[in-house]
Amino acid sequence: MRAIVLDAPRQPLRPAELPDPVPGPGQALLRVRACGVCRTDLHVVDGDLTEPKLPLVLGHQIVGEVLASGGRFAPGARVGVPWLGWTCGECRYCLASQENLCDRARFTGYDLDGGYAELAVADERYCFPVPEGYPDEQAAPLLCAGLIGYRSLRLAGDAERLGLYGFGASAHIVCQVAVARGRRVYAGTRADDDEGQAFAQSLGAIWSGDAAAGPPDELDAVIVFAPVGELVPAALRHVRKGGSVVCAGIHMSDIPSFPYELLWGERVLRSVANLTRADGEEFLALAPTIPVRTEVETFPLEEANEALDRLRRGTLRGAAVLVP
Ligand SMILES: [Zn+2]
Ligand SMILES: [Zn+2]
């Protein structure tokens, strides 16, 4: 099969011809129809996440057609493969419905080969049926940007005035869910990102502007999607007493020290890690009812490096998706 391979961090990905993967017990063999590009992929390539399997096929927002099944799905079914690829089922976290924190979790496109390829295998227990009505490339970003964004929104509580700092693939989905629920969304971007600010307003944000400076109104919660540690004290400054700041990314630059008074007043600072299968089922059932529309830019598989570069430079509108 054709695939795009990471041989080592801080190197461009390499087009390669690999042997077709062979599914083990309980695994499905999938023909990849589309695979979303996530900021986490960039953190793997850049060496910010330090323990990938190598060589590695990246990609954890896979929409695929089942070619062979371990029994859960009929051949021809369309399924989605997310970041959470396997859990142990027996550690204290798995036993407490916190499989996202499993001590031995394996992640797609990190510990396991992912979807930057023509074919992929996945443990069927961690695959989701993909809702009808979404073309393959528009469904792909639901599988991480959507799922983990949705978990972040849930953990932000019932904020009426919600800040989304870093308006990329995940925020553009969360914005639609929040607006549909009657929340007022404040989109923070880089100061000079006029296009991103206009994009956020087109999706229903009532304010968009420089995240570091913050909006004119006090917020109930902020979800920080940008991997920029400076935004954490800024967001704490922008939330009311009892408000929350939720860090949604897997990696962030160091958070500068800040005066305790920013946290005082029962403000809450927390991260969101990974997803549970229950998050996935809940969000994929919800998305078509809103309906969430994803904005995507597609790239041929061979242009994976270009897609990652565009993500790094912040010049994508919505989400990048690779199509084999
Ligand atoms: Zn992701
Ligand atoms: Zn476990």
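Keep in mind the model is a prediction, meaning the values are calculated, not measured. (Residues numbered from 1 in each chain as written. Chains lettered and ligands numbered in written order. Predicted model: local features only at pLDDT ≥ 70, side-chain atom pairs only at ≥ 80, totals over all residues.)

**Things to note about the pairing of strand β13 (residues 219-224)**
Reasoning step 1: Most of β13 is tucked away: 6 of the 6 residues are buried.
Reasoning step 2: In the sheet, strand β10 (residues 161-165) pairs with β13 via 4 bridges, with the strands oriented parallel. Looking at the pairing, Leu164 lines up with Ile223 of β13.
Reasoning step 3: Strand direction decides the pairing type here: β13 and strand β14 (residues 239-247), joined by 5 bridges, are parallel. Across the sheet, Ile223 pairs through a bridge with Val246, a residue of β14.
Reasoning step 4: You can see the chain leave β13, run along helix α6 (residues 231-238) and come back into β14, and the turn it takes is right-handed. (Buried ≥ 20, exposed ≤ 12 C-beta atoms within 10 Å, placed from the backbone. Helix = DSSP H or I, 4+ residues; strand = E, 2+ residues; numbered from the N terminus. Pairing = 2+ DSSP bridges. Right-handed = clockwise from strand over helix to strand, strands pointing away.)

**Thoughts on the sheet that holds β10**
Reasoning step 1: One open sheet accounts for 6 strands, arranged β12-β11-β10-β13-β14-β15; its pairing is parallel. In the strand order of this sheet, the two ends are held by β12 (207-210) and β15 (268-271), each with one partner. Averaged over all adjacent pairs, the angle separating strand axes in this sheet is 20 degrees, with direction ignored.
Reasoning step 2: Along the sheet, α6 contacts β10, β13, β14 and β15; its crossing angle with β14, the most-contacted strand, is approximately 150 degrees. (Axes fitted to C-alpha atoms, helices over the stretch in contact; angles between N-to-C directions. Contact = placed C-beta atoms within 7 Å.)

**A few points about helix α5 (residues 194-202)**
Reasoning step 1: What α5 keeps buried is the set Gly196, Gln197, Phe199 and Ala200. In a view along the axis of α5, the buried residues occupy a sector of 160 degrees, so they form one face of it. Opposite its buried face, α5 presents the exposed residues Asp194, Ala198 and Ser202, each directed more than 90 degrees away.
Reasoning step 2: Downstream of α5 by one or two residues, Gly204 has phi in the positive range, about 110 degrees. (Arc of directions from axis to C-beta.)

**Here's the deal with the domain arrangement of the protein chain**
Reasoning step 1: We note that the domain assignment places domain 1 (2-142 + 275-323) and domain 2 (147-271) within the protein chain.
Reasoning step 2: Domain 1 and domain 2 are separated by 25 Å when their C-alpha centres are compared.
Reasoning step 3: Across the boundary between the two partners, domain 1 contributes 20 residues, which contact 15 residues of domain 2.
Reasoning step 4: Contributions of two or more residues to the side of domain 1 that touches domain 2 are made by α1 (39-45) and α7 (277-286).
Reasoning step 5: Partitioning the side of domain 1 that touches domain 2 into residue classes produces 9 nonpolar, 5 polar and 6 charged. (Domains from an automatic or database assignment. Nonpolar A, V, L, I, M, F, W, Y, C, P; charged D, E, K, R; others polar.)

**Describing the packing of helix α3 (residues 145-155) against α7**
Reasoning step 1: α7 packs onto α3 with a crossing angle of 100 degrees between their chain directions and a minimal axis gap of 9 Å. By the angle class used here, α3 and α7 are roughly perpendicular. Residue-level inspection shows Gly146, Leu147, Tyr150 and Arg151 of α3 in contact with α7, the latter providing Asp279, Gly280 and Phe283.
Reasoning step 2: Its residues assigned to classes, the contact of α3 with α7 comprises 3 nonpolar, 2 polar and 2 charged. (Parallel < 35°, antiparallel > 145°, perpendicular 65-115°, else oblique.)

**Considering unusual backbone geometry**
Negative phi values dominate among residues other than glycine, just as trans dominates among peptide bonds.
Reasoning step 1: The peptide bond linking Leu54 to Pro55 adopts the cis configuration, its omega dihedral lying at -10 degrees.
Reasoning step 2: Along the polypeptide, Pro55 turns up in the loop between α1 and β4 (62-68).
Reasoning step 3: The peptide bond linking Ile290 to Pro291 adopts the cis configuration, its omega dihedral lying at -20 degrees.
Reasoning step 4: At Glu266, a position not held by glycine, the phi torsion is positive, near 60 degrees.
Reasoning step 5: Counting through the fold element by element, Glu266 comes out in the loop between β14 and β15.
Reasoning step 6: Although it is not a glycine, Asn274 sits at a positive phi angle of roughly 60 degrees.
Reasoning step 7: Residue position: Asn274 is located in the loop between β15 and α7.
Reasoning step 8: You can call Asn274 buried: it has 21 C-beta atoms within 10 Å.

**Comments concerning the nonpolar core**
Reasoning step 1: Ranked by internal contacts, the top residues of the largest apolar core, which has 102 residues, are Leu164, Ile223 and Val224.
Reasoning step 2: Of the residues that make up this core, three or more belong to each of domain 1 (2-142 + 275-323) and domain 2 (147-271).
Reasoning step 3: Not counting residues within four places of it along the chain, the set of residues in contact with Ile223 comprises Ser152, Leu153, Ala156, Leu164, Val174, Val246 and Ala248. (Core = buried A, V, L, I, M, F, W, Y, C linked by C-beta atoms within 7 Å.)

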